[in-house]
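Fold and geometry: a report
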Amino acid sequence: MYNNDEVKRIECIIRPFKLDEVKLALSELGVVGMTVTDVRGRGSNEESREHYRGAGYTIYLPPKVKIEMIVRDEDVEPIVQTILQYARTGEPGDGKIFILPMEDAIRVRTEERGDVVL
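Since we're looking at a predicted model, the values are computed, not measured.

**Let's talk about helix α1 (residues 19–28)**
Listed in full, the buried residues belonging to α1 are L19, V22, A25 and L26. Around the axis of α1, the buried residues are gathered within 140° of arc, so they sit on the same side. Structural note: α1 exposes D20, L24 and E28 on the side pointing more than 90 degrees away from its buried face. Elements in contact with the buried residues of α1: β1 (7–14), β2 (35–40), β5 (63–72) and α2 (76–87).

**A few points about the pattern of salt bridges**
Oppositely charged side chains can pair when the atoms bearing their charge come close. Going through the model one piece at a time under the given rule, you end up with eight salt bridges. With a closest N to O distance of 2.8 Å, D94 and R15 form a salt bridge. Taken together, the residues span a long stretch of sequence, with D94 in the loop between α2 and β6 (95–101) and R15 in the loop between β1 and α1 at a distance of 79 residues. Residues D20 and K23 are paired through a salt bridge, measuring 4.0 Å at the closest nitrogen-oxygen approach.

**Let's talk about the environment of K8**
Here K8 shows up in strand β1. A residue is classified by how much of its surface remains accessible, and K8, at 15% relative accessible area, is buried. Sequence separation of K8 and M69 is 61 residues, and the distance between their C-alpha atoms is 8.2 Å. In this structure, K8 is in contact with M69, I70, V71, D73, V76, I99, L100, P101 and M102, ignoring residues within four places of it in sequence.

**A few points about unusual backbone geometry**
Even without being a glycine, E111 presents a positive backbone phi close to 65°. Looking at the secondary structure, you find E111 in the segment after β6.

Here is what the cut-offs are and how they apply
- Residues numbered from 1 in each chain as written.
- Predicted model: local features only at pLDDT ≥ 70, side-chain atom pairs only at ≥ 80, totals over all residues.
- Heavy atoms only, no water.
- Buried < 20%, exposed > 50% of the residue type's maximum accessible area, 1.4 Å probe, protein only.
- Helix = DSSP H or I, 4+ residues; strand = E, 2+ residues; numbered from the N terminus.
- Arc of directions from axis to C-beta.
- Contact = heavy atoms within 4.5 Å.
- Salt bridge = Lys/Arg side-chain N within 4 Å of Asp/Glu carboxyl O.

Put into structure tokens, the structure is as follows:
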């Protein structure tokens, strides 16, 4: 089991076209373990009006990408700063980052627990 101060779960929701940049930058930090999921949603901003080939349309739940990582506490801030740097466009809808404590982790194949699972 972990001490909640030692390991964190980072979830970030970003624009899909920023995924490759963020992944590359995180890999340069040494982060290789992550789960990426295609999601749809919006935060507190209202529906957005987009244009494609001259036609306007309203997006109620725009596509996003959610990245989840389990990392050591000392790695949280560099990871967060990297995500902020590479995911930001400066426009509403750039996303969110959530940091949560981790209770435990178990490798299914070997039943190992804790740090060795990372």
